[in-house]
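Each chain, letter by letter, is given below.
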Amino acid sequence: MFKQVKRLLNEPVLFAMIVFVWVLLFLFVIYPIFMVGLKSFEPKPGVFNLTVYRTIFSKRYFLIPIFNTLKLGVTVACFGVLIGYVFAYSVAKANVLAKNFFRTVATFPIVSPPFVVALAAILLFGRNGLFTRKLFGGIPPFEIYGFWGLVIVETLAYFPTAFLTLEGTLLSIGSDLEEASQSLGYSKWRTFWRVTFPLSLPGVLSAWLLVFSQSMADFGNPLVLGGRYHVLSVAAYLEITGSYRVSHGSALAIILLIPTLIAFFVQRYWLSRKSFVTVTGKSFISKAMELPRWAKAILTVICLLLTASILLFYGTVFLGSFTKLWGVNHSFTLDNYRYVFNFSWEYLKDTLLLASIATPICGVLGIMTAYLVARKEFFGRRIMEAVSLLPFAVPGTVVGIGYLLAFNQKPLILTGTALIIILVFVFRELPVGVQNGVAALYQIDKSIEEASMDLGSNSYQTFWKITLPLLMPAFFTALFNAFVRSMTAISAVIFVVSAKWNLITVRILGAVSNGDLSQAAALSCTLIGFVIVAMFLMRFMTVNLSYQMKLRRVER
């Protein structure tokens with residue numbers, strides 16, 4: 001420990017980075033959660049004991065949501081990663097037809113608020129849904145309200161996170177390794193299981209953790225589609241906003257942290273025992289594999305079925321935006337879009353401004369944190385990584401309340417300002433940047449950085465000139481995730497918006513609550529349009545600024 005401190009003091013820039021990240025994590029991650037945790041031990045003002053936890057673990061009413069949440073999280077994570085992997089492999093390695101179209105459609109679910117997907121599911125398969133009435137004679141083909149309805153909607157909503165993570169991982173695996181395997185006599189199927197899949201495991205585990213955490217923290221879909229299937233996030237939300245028992249809601253939120261932390265430590269322990277290096281400093285090109293026709297046909301059919309499902313859900317919302325009264329009067333009208341640009345433009349402008357400010361801050365802080373925890377030895381680096389992942393494990397509603405509890409009093413009074421919304425955006429989406437950065441760093445050989453250090457560069461110069469250029473794909477993926485999730489955030493920010501700074505998602509939720517579903521659909525489609533434009537810009541930057549593209553230009 002003393003040697004580490006002495007080495008850090010000899011590198012003041014690195015020492016300053018560690019202190020800077022720790023101060024931010026303490027103020028905007030630990031402190032708000034601590035305030036929520038403190039509240040969970042306070043059943044009455046000024047009285048601190050374990051009464052709330054004794055109540056939770058002694059009543060079936062609270063125990064059932066704990067089991068349901070774990071069951072839902074594991075199921076959604078497994079289905080989401082499986083679908084995400086098939087999709088990523090089809091696009092990155094199998095070179096299926098219309099792969100750019102599949103890639104674009106696959107990202108639709110993360111460019112809209114999750115409750116829009118749930119709303120479309122009800123309109124299609126609910127008791128008065130379009131398909132229920134037109135195709136099944138008024139009898140629902142399956143119960144959309146409950147476990148399987150949530151599995152379908154959450155898998156559809158969160159598998160793009162796995163897809164984006166795994167696509168970056170698969171593109172980082174050089175084709176020379178797969179070609180060498182086949183040259184040695186291995187079949188393409190065996191090459192996949194013995195070379196490609198093992199090298200992609202860091203991305204698989206990172207994607208599983210991200211999807212699992214998203215499902216655990218989701219409250220919009222369970223609130224709309226849960227029915228009698230109660231989960232922890234909704235139970236915590238209803239305890240805080242419905243029953244006004246903030247201490248019980250806070251305790252349920254704290255319980256949510258346990259399975260996420262277990263998954264994190266299992267992932268870290270497993271990864272630390274294996275090597276997944278694929279980037280060694282030598283130039284390589286990730287080429288598509290020539291698969292048998294039947295294999296390509298199966299992958300294409302799977303991609304077609306999934307994209308058809310996504311288009312069906314979002315097509316319903318799109319058509320609804322041109323109807324006078326969704327579900328009652330389906331006459332064509334453009335009034336909903338006139339309303340959006342005449343009366344809701346301020347909401348959209350504020351959302352774009354605040355998300356644009358938060359995105360680069362989140363991307364830089366995520367990569368900086370990933371670099372520190374994956375490449376540097378210092379006391380508490382594992383704790384730093386765990387703390388940076390905490391925002392994903394806590395329901396957004398409780399994060400919002402935590403920020404209100406923490407920053408509504410001296411010394412930091414931020415309530416009602418744009419800064420508190422930006423901070424929520426940055427630290428809610430920080431885990432994506434950290435996970436992407438860590439997964440990418442595990443694939444970069446340390447000898448590249450050690451060579452730079454041996455040639456006289458310090459840690460700061462090595463990071464900016466060697467490591468960061470190699471991390472550009474992961475960096476822009478983090479920027480993309482931060483921007484779209486900030487644009488579509490609702491659960492945490494709904495507690496920190498003000499009359500001066502309001503957001504488009506809050507306006508959409510208000511329209512849904514008022515039963516004006518056509519206006520909500522028009523607002524959602526407008527928001528999705530802005531995010532898609534940003535997505536293409538990010539994609540252009542990722543492709544043209546990556547080190548693989550620079551190597552190709554040099555080789556030409």
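Our subject is the structure that appears above.
Residues numbered from 1 in each chain as written. Predicted model: local features only at pLDDT ≥ 70, side-chain atom pairs only at ≥ 80, totals over all residues. Heavy atoms only, no water.

Peer 1: Even after reading the chapter, I still don't get the overall build of the protein chain, so can you show me in this structure?
Peer 2: Looking only at helices and strands, one finds 25 helices and four strands in the protein chain. For the protein chain, buried positions account for 57% of its 556 residues. Considering only intrachain contacts with a sequence separation of at least 6, the fraction spanning at least 24 residues in the protein chain is 79%. Surface accessibility of the protein chain: about 24600 Å² in total, with carbon and sulfur atoms responsible for 68%. (Helix = DSSP H or I, 4+ residues; strand = E, 2+ residues; numbered from the N terminus. Buried < 20%, exposed > 50% of the residue type's maximum accessible area, 1.4 Å probe, protein only. Contact = heavy atoms within 4.5 Å. Areas by Shrake-Rupley, 256 points an atom, 1.4 Å probe, with all protein chains shown as cover.)

Peer 1: So what exactly am I meant to see when it comes to the packing of aromatic side chains here?
Peer 2: Aromatic rings considered in pairs are described by the distance between their centres and by the relative angle of their planes. Per the stated rule, a full pass over the model turns up 26 aromatic pairs. Judged by centre distance (5.1 Å) and plane angle (40°), the ring pair of Phe 41 and Tyr 53 falls under tilted. Of the two residues, Phe 41 sits in the loop between helix 2 (12–40) and helix 3 (51–56) while Tyr 53 sits in helix 3, which places them twelve residues apart along the sequence. Assessed through its relative accessible area of 32%, Phe 41 is described here as partly exposed. Between Trp 345 and Phe 530, the ring centres sit 6.4 Å apart and the planes meet at 45°, which makes this aromatic pair tilted. With Trp 345 in helix 16 (residues 345–375) and Phe 530 in helix 24 (residues 517–545), this pair connects stretches of sequence that are 185 residues apart. Residue Trp 345 is classed as partly exposed on the basis of its relative accessible area of 34%. Connected via pairs of aromatic rings, a cluster forms that spans Phe 28, Tyr 31, Tyr 403, Phe 407 and Phe 427. Stacked on the ring of Phe 147, the Lys or Arg Lys 71 has its end atom at 4.4 Å from the ring centre. (Phe/Tyr/Trp six-rings, centres within 6.5 Å; stacked < 30°, edge-to-face > 60°. Lys NZ or Arg CZ within 6 Å of the ring centre and 35° of its normal.)

Peer 1: So what exactly am I meant to see when it comes to the pattern of salt bridges here?
Peer 2: Pairs can form between side chains of opposite charge once their charged atoms are near each other. Taken as a whole, this structure holds seven salt bridges when the rule is applied. The partner of Arg 338 in a salt bridge is Asp 335, with the nearest N and O atoms 2.5 Å apart. Here Arg 338 and its partner Asp 335 are both found in helix 15 (residues 335–343), three residues apart, which amounts to about one turn of the helix. Judged by its relative accessible area of 46%, Asp 335 falls in the partly exposed class. (Salt bridge = Lys/Arg side-chain N within 4 Å of Asp/Glu carboxyl O.)

Peer 1: Please clarify how the nonpolar core should be interpreted in this entry.
Peer 2: Generally speaking, a soluble globular protein has its nonpolar side chains buried in company with each other. Among the nonpolar cores identified, the biggest contains 172 residues, and Phe 313, Leu 372, Tyr 403, Ile 421 and Phe 427 are the most heavily contacted of them. Excluding residues within four positions of it along the chain, Phe 313 makes contact with Val 117, Ala 120, Ala 121, Leu 124, Phe 125 and Leu 156. (Core = buried A, V, L, I, M, F, W, Y, C linked by side-chain atoms within 4.5 Å.)

Peer 1: I would appreciate a short explanation of the packing of helix 4 (residues 60–92) against helix 12 (residues 232–241) in the present structure.
Peer 2: The angle between the axes and the distance between the axes are what describe a pair of packed helices. Running from N to C, helix 4 and helix 12 cross one another at 140°; their axes reach a closest spacing of 8 Å. For the element pair helix 4 / helix 12, the angle class is oblique. Across the interface between the two elements, Tyr 61, Phe 62, Pro 65, Ile 66 and Thr 69 of helix 4 pack against Leu 232, Ala 235 and Glu 239 of helix 12. Its residues placed into classes, the contact of helix 4 with helix 12 shows six nonpolar, one polar and one charged. (Axes fitted to C-alpha atoms, helices over the stretch in contact; angles between N-to-C directions. Parallel < 35°, antiparallel > 145°, perpendicular 65-115°, else oblique. Nonpolar A, V, L, I, M, F, W, Y, C, P; charged D, E, K, R; others polar.)

Peer 1: Would you mind going over the side chain of Thr 169 with me for this structure?
Peer 2: Tracing the sequence through the fold places Thr 169 in helix 8 (residues 147–171). For Thr 169, a relative accessible area of 6% gives the class buried. Not counting the four nearest positions on each side in its chain, Thr 169 is found in contact with Leu 199, Ser 200, Gly 203 and Gln 443.

Peer 1: I keep staring at empty space enclosed by the protein and nothing clicks. Help me out?
Peer 2: Empty space among the atoms can be located by rolling a probe the size of a water molecule over them. Overall, the coordinates contain four cavities of 30 Å³ or more when judged by the stated rule. A volume near 110 Å³ is recorded for the second largest cavity. Around the second largest cavity sit 13 residues that line it, and Val 29, Pro 32, Ile 33, Val 399 and Tyr 403 are the ones nearest its centre. The element that contributes the greatest number of residues to the lining of the second largest cavity is helix 2, accounting for five residues. (1 Å grid on protein atoms, 1.4 Å probe; cavity = no way out; pocket = protein on both sides within 12 Å on 5 of 7 lines; lining within 4 Å. Points joined across faces, edges and corners; volume = space filled by probe spheres on them.)

Peer 1: Would you explain helix 19 (residues 418–441) in this entry?
Peer 2: For an α-helix, 3.6 residues make a turn, and residues three or four places apart therefore share a direction. The end-to-end C-alpha distance of helix 19, which contains 24 residues, comes to 34 Å, matching closely the 34 Å that a straight helix rising 1.5 Å per residue would cover. Leu 430 marks the point of greatest bend in helix 19, at about 40°, and the proline Pro 431 comes within the next four residues. In terms of burial, helix 19 is a largely internal element, 23 of the 24 residues being buried. (Expected span 1.5 Å × (residues − 1). Bend = angle between axes of the 7 residues up to and from the residue.)

Peer 1: Is there a simple way to think about the packing of helix 9 (residues 175–183) against helix 10 (residues 188–217) in this case?
Peer 2: Look at helix 9 against helix 10: their axes get within 10 Å of each other, and the N-to-C directions meet at 145°. Here helix 9 runs over helix 10; the crossing is right-handed. Along the contact surface, helix 9 presents Leu 177, Glu 178, Ser 181 and Gln 182, while helix 10 presents Lys 188, Thr 191, Val 195, Thr 196 and Leu 199. The residue inventory of the contact of helix 9 with helix 10, partitioned by class, reads three nonpolar, four polar and two charged. (Left-handed = near helix turned anticlockwise from the far one by under 90°.)

Peer 1: Where do I start with the environment of Asn 436 in this structure?
Peer 2: Of note, Asn 436 is situated in helix 19. Relative accessible area serves as the criterion here: at 7%, Asn 436 is assigned to the buried category. Taking the C-alpha atoms as reference points, Asn 436 and Pro 202, 234 residues apart in sequence, are found 9.8 Å from one another. Those residues within four positions of Asn 436 in sequence are excluded, and the remaining contacts are Thr 165, Ala 474, Thr 477, Ala 478 and Asn 481.

Peer 1: Sorry if this is basic, but what is going on with the environment of Phe 125 here?
Peer 2: Among the secondary structure elements, Phe 125 is positioned in helix 6 (residues 114–125). Between the C-alpha atom of Phe 125 and that of Ile 139, which follows or precedes it by 14 residues, the distance is 9.5 Å. Filtering out sequence-adjacent residues up to four positions away, Phe 125 remains in contact with Phe 131, Thr 132, Pro 140, Pro 141, Phe 142, Ile 144 and Phe 313.

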